[in-house]
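Inside the fold
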Amino acid sequence: MATCAHCGNEYDKTFEITREGESKTFDSFECAIAVMAPTCEHCNVRIIGHGVEGDGRVFCCAHCASEAGVSGISDRA
Ligand SMILES: [Zn+2]
Ligand SMILES: [Zn+2]
């Protein structure tokens, strides 16, 4: 049994996600997204797809990036 890093639930089918050398254990994708997924700087949506980056900022889509004044970005899904 492992414990979810987000909600503290003990569950026998947890999984680990590793990013930049740091591993966290979750009981569901919902919890993993809540902790690991970046947030769009423009519309605050959780980015669970590829997202786009520009000027060191992260957005859910090229439209949000351009609305926020970051130009030269296209979706790279
Ligand atoms: Zn959880
Ligand atoms: Zn957005």
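Read on for an overview of the structure. Residue positions within a chain follow its written sequence, with the count starting from 1. Labels are handed out in written order, letters beginning with A for the chains and numbers beginning with 1 for the ligands. In view of the model being predicted, local features appear only for residues whose pLDDT reaches at least 70, and side-chain atom pairs are presented and counted only at 80 or more, with totals across whole chains, interfaces and linings using the full set of residues. Side-chain metrics in this entry use all non-hydrogen atoms of the structure; hydrogen atoms and water are not considered.

1. Re the overall build of the protein chain
Test applied: Here a helix means four or more residues in a row that DSSP labels H or I, a strand means two or more in a row labelled E, and each is numbered from the N terminus. Each radius of gyration is computed over the set of C-alpha atoms, and the globule rule expresses the reference value as 2.2 Å times the number of residues to the power 0.38. Classification of residues uses two cut-offs on accessible area relative to the type maximum, computed with a 1.4 Å probe and protein chains only: under 20% is buried, over 50% is exposed, and between them is partly exposed. Every residue pair with non-hydrogen atoms within 4.5 Å of one another is taken to be in contact. Each accessible area value is a Shrake-Rupley result obtained with a 1.4 Å probe; residue values ignore everything except the protein chains displayed when judging cover. When charges are counted, Lys and Arg contribute as positive and Asp and Glu as negative, whereas His and the chain ends are disregarded. The atoms used to mark charge sites are NZ of Lys, CZ of Arg, CG of Asp and CD of Glu.
Scanning the protein chain from N- to C-terminus turns up two helices and six strands. Its helices and strands in sequence order give the protein chain the pattern β-β-β-β-α-β-β-α, from N to C terminus. A globule of 77 residues ought to have a C-alpha radius of gyration of about 11 Å, yet the protein chain, at 15 Å, is considerably larger. Split into buried and exposed, the 77 residues of the protein chain put 23% on the buried side. Pairs at least 24 apart in sequence give 9% of the contacts found in the protein chain among residues at least 6 apart. As displayed, the protein chain has an accessible area near 5200 Å², and 45% of this comes from carbon and sulfur atoms. If you average the places of the 6 positive and of the 12 negative side-chain charges in the protein chain, the two averages end up 1 Å apart.

2. Points about the packing of aromatic side chains
For clarity, the threshold we go by: A pair of aromatic rings is counted whenever rings of Phe, Tyr or Trp (Trp by its six-membered ring) have centres within 6.5 Å, and the orientation is called stacked for planes under 30 degrees apart, edge-to-face for over 60 and tilted otherwise.
A complete count under the given rule lists one aromatic pair for this structure. For the pair Phe 15 and Phe 29, a centre-to-centre distance of 4.8 Å together with 35° between the ring planes defines the contact as tilted. Residue Phe 15 is located in strand 3 (residues 15-19), and its partner Phe 29 is located in helix 1 (residues 29-36); the two are separated by 14 residues in the primary sequence.

3. Observations concerning the coordination of the zinc ion (ligand 2)
Definition in use: Ligating atoms shown are N, O and S within 2.8 Å of the metal, or 3.2 Å for Na, K and Ca, and water is not included, meaning a site may look less than complete. A site with four donors is called tetrahedral when every donor-metal-donor angle falls between 85 and 135 degrees; four donors are called square planar, and six octahedral, when opposite donors sit more than 155 degrees apart and all other angles fall between 65 and 115; any other arrangement is irregular.
The coordination sphere of the zinc ion (ligand 2) contains the protein donors Cys 40 (SG), Cys 43 (SG), Cys 60 (SG) and Cys 64 (SG), at a distance range of 2.3 Å. Metal-centred angles of 105 to 114° between the four donor atoms at the zinc ion (ligand 2) mark the site as tetrahedral. Every donor residue of the zinc ion (ligand 2) comes from the same chain, spaced as C-x2-C-x16-C-x3-C. Here Cys 43, found in the loop between helix 1 and strand 5 (52-54), pairs with Cys 60, found in the loop between strand 6 (57-59) and helix 2 (62-67); they are 17 residues apart in sequence, far enough to count as distant.

4. What to know about the environment of Gly 8
Following the sequence through the fold, Gly 8 ends up in the loop between strand 1 (2-3) and strand 2 (10-11). Among the residues examined, Gly 8 registers a relative accessible area of 41% and is labelled partly exposed. Taking the C-alpha atoms as reference, Gly 8 lies 15 Å from Met 36; in sequence the two are 28 residues apart.

5. Concerning the coordination of the zinc ion (ligand 1)
Taken together, Cys 4 (SG), Cys 7 (SG), Asp 27 (OD) and Cys 31 (SG) make up the full set of protein donors to the zinc ion (ligand 1), lying 2.1 to 2.3 Å away. Here the zinc ion (ligand 1) binds four donor atoms, and the angle range of 92 to 126° at the metal identifies the geometry as tetrahedral. Sequence spacing of the donors to the zinc ion (ligand 1): C-x2-C-x19-D-x3-C. You can see Cys 4 sitting in the loop between strand 1 and strand 2 and its partner Asp 27 sitting in the loop between strand 4 (22-26) and helix 1, a full 23 residues away along the chain.

6. Side note on the nonpolar core
What counts here: Take the buried residues of types Ala, Val, Leu, Ile, Met, Phe, Trp, Tyr and Cys, join any two whose side-chain atoms come within 4.5 Å, and each joined set is a nonpolar core.
Of all hydrophobic cores here, the largest spans nine residues; its members are Cys 40, Ile 47, Val 52, Phe 59, Ala 62, Cys 64, Ala 65, Val 70 and Ile 73. For this core, the element with the most residues is helix 2, which contributes three residues. Excluding residues within four positions of it along the chain, Cys 40 makes contact with Val 45, Ile 47, Val 58, Phe 59, Cys 60 and Cys 64.

Everything listed here is a matter of coordinates, which is why it stays silent on function.
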